[in-house]
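Structural overview for review
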Amino acid sequence: MAEFLQLFVNGLAVGCIYGLVALGFVLIYKAGEVVNFAQGELVMLGAFVAFTFVVQFGLNYWVGLALAMVTMAIFGGLLDMIVVRRIIGQPQFSTVMLTIGIGVVMRSAAAMVWGPETRSLPTPFDAATFRFGGVVLSAVYLSILATTALLGLILFGFFRFSRVGTAMQAASQNQLAAYCMGIPVKRMLSGVWALSAAVATIAGVLLAPINLIDTNLGAVGLKAFAAAVIGGFGSIPGAVLGGILIGLIDLFSGVYLPQGFKDIASYIVLLVVLVVCPQGLFGAVGRKKV
Amino acid sequence: MGNLMEVRNIETYYGPTMAIRGASFDVPQGEIVTILGANGAGKTTILKTISGIMDPQKGSVSYQGREIQKMDPDRVVGLGISLVPEGRELFPFLSVRDNLKVGAYTRRDHAAVASDIERIFEYFPSLRERAGRPAGMLSGGEQQMVAIGRALMARPKMILLDEPSLGLSPKLVKEIFEIIVRINRENGTTIVLVEQNANVALQVAHRGYILELGRIVMADTGAALLQKDDVREFYLGIKDQGVRGVRRWKKRKTWR
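The structure contained in this document is the topic of the report that follows. The model shown is predicted, which means the values in this text are computed figures rather than measured ones.

Examining the interface of chain A and chain B
- If you look at the interface, chain A gives 21 residues, while chain B gives 21 residues.
- Roughly 2100 Å² of surface becomes buried between chain A and chain B when both sides are summed, with 65% attributable to carbon and sulfur atoms.
- Sorting the residues of chain A by area buried against chain B places R163, Q173 and M181 of chain A first, and these three jointly supply 33% of that buried surface.
- Between the two partners, chain A and chain B, sit one salt bridge.
- For R160 of chain A, the salt bridge goes to D98 of chain B, with nearest N and O atoms at 3.6 Å.
- The set of elements that each furnish at least two residues to the side of chain A that touches chain B consists of α6 (163-173) and α7 (175-180) of chain A.
- With six residues, α6 of chain A is the single largest residue contributor to the side of chain A that touches chain B.

Given below as structure tokens:
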């Protein structure tokens, strides 16, 4: 039982990270109908930038994290303004190629700047552990859960109650009408990219103590993509829940299933979900009328 | 009163297709102006050109003495021109109230925005009960009301209405047009109305233009247009009967 609970908590934490990365996919997809295959690389880059601020510049962890988020948000916004915007209106295929290409460029650039070795990012939670019955909770995992919950609340409040958040939703639901209402749609799109890059940075920093930072950190994007699809690709709570589901499957299959299932279990679930319920578990109920 | 807007010789293209072939017309301050025409005459294109969604290749649109033909739509809204697009174009997953709030995006005075939402509910009482519902779940008539309300939220000097009667029952069309007249009377808002339903449009309009294949072919007051033979025949569907009760000729348009 204790082992089960332990796995559950750890799976939840890993799943939250997948969920955050999936959230980045969904935000960009909803706003601009672009599937950003470089989302995993944004996570990797975010982690490296945070590493630079915290370890190389020796800043306080929180200051470094905040600076990394701002830097990455600016980077994400510029990426949209300078590169991605030019491809809007082109066939879907070209946006796929473009974002995959951006991912490759980012990975190589990171290898050039930070080198191929694996780095670790010390966090304030490293040593502490708590004990509840037989379950050992490390503060790292708890911090992941808390951050995800907090971020979810902040994003919910932002989209639900703030003027800019509502305008972003409007722009993603009907671009033409949003334009006619005086919403600067292009700036909103860049804003969504910035937001998504900032969320990716948080995911990268949270992932750092578990996975260490290297240029292959972007591989988390693949699992997160599966999470986003399971969640319905377009639903924000769906993305987080899909991520949690994948995280749990990951850990449990590693322990309870024969060797090797860990790597494929989540994709098997993905296929089953797609066959049984093609809109994903939390797909939008009402379809967008055009 | 002078002209709020003057459109001069605009030519607008969809790729190689010329949709507007040099149309010119005036919109006097405080009046309801209607532009009538068949399918594909270019009515919607004219509104898109004015509101900045499309740019004309030639010609000018001057509004309060300022040329606006190359401006982006978000700037045009800021000048006080709101478009109610064809087919409503609401934000389907936002609530009715949020749709109205987004309409006021260009404004900064939050207190006044709240009181304006109340005013819209007064114009369209049936929206009040639906304020929290997603706009995509409303009926067609209610959606049209939201679309008009949303345009009003920007406190425009001029509203461009693109086929507000589209897909509505005659009773609803009457209601919507009563509101349009009321908005025009109470606030002095200038209205440009594009319609297929010539009869209703000409009854409320001070002035009418008839658009055919991208050109303005006739201009007069609304009342006078209602009496013109050509308009009666081709837009209102009222045919004069021949002496023997059978028409043996095919009438041709006099402007051809």
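Things to note about the sheet that holds strand β4 (residues 58-63) of chain B
Residue and element names in this part refer to chain B.
- The antiparallel open sheet is built from four strands, whose spatial order is β2-β1-β4-β5. The sheet terminates laterally at β2 (17-28) and β5 (66-67), the two strands that pair on one side only.
- In this sheet, β2 lies alongside strand β1 (residues 3-14) in antiparallel orientation, the contact comprising nine bridges. What sits directly across from T12, in β2, is I20.

Quick word on the packing of aromatic side chains
All names here are of chain A.
- This model, assessed by the stated rule, comprises 13 aromatic pairs over all chains.
- Aromatic side chains F37 and F225 sit 5.4 Å apart centroid to centroid with 35 degrees between the ring planes, which places their arrangement in the tilted category. With F37 in the loop between α1 (2-32) and α2 (39-56) and F225 in helix α9 (residues 220-230), this residue pair connects regions lying 188 residues apart in the sequence.
- For F37, a relative accessible area of 30% gives the class partly exposed.
- Note on F225 and F233: the rings are 5.5 Å apart at their centroids and 65 degrees apart in plane angle, and the pair reads as edge-to-face.

Examining the pattern of salt bridges
- If you walk through the whole model with that rule in mind, you get 20 salt bridges over all chains.
- Ionic pairing is found between E41 of chain A and R107 of chain A, a salt bridge with its closest N-O pair at 2.9 Å. Pair noted here: E41 of chain A is in helix α2 and R107 of chain A is in helix α4 (residues 92-114), with a separation of 66 residues, a long-range link.
- A salt bridge links D109 of chain B to R107 of chain B; the shortest N-O distance between them is 3.4 Å.
- On the basis of relative accessible area, R107 of chain B is assigned to the buried category, the value being 10%.
- One network of salt bridges, with partners in common, ties together R107, D109, D116 and R155 of chain B.

About the cut-offs
- Residues numbered from 1 in each chain as written.
- Chains lettered and ligands numbered in written order.
- Predicted model: local features only at pLDDT ≥ 70, side-chain atom pairs only at ≥ 80, totals over all residues.
- Heavy atoms only, no water.
- Contact = heavy atoms within 4.5 Å.
- Buried area = accessible area lost by both parts, 1.4 Å probe.
- Salt bridge = Lys/Arg side-chain N within 4 Å of Asp/Glu carboxyl O.
- Helix = DSSP H or I, 4+ residues; strand = E, 2+ residues; numbered from the N terminus.
- Pairing = 2+ DSSP bridges.
- Phe/Tyr/Trp six-rings, centres within 6.5 Å; stacked < 30°, edge-to-face > 60°.
- Buried < 20%, exposed > 50% of the residue type's maximum accessible area, 1.4 Å probe, protein only.

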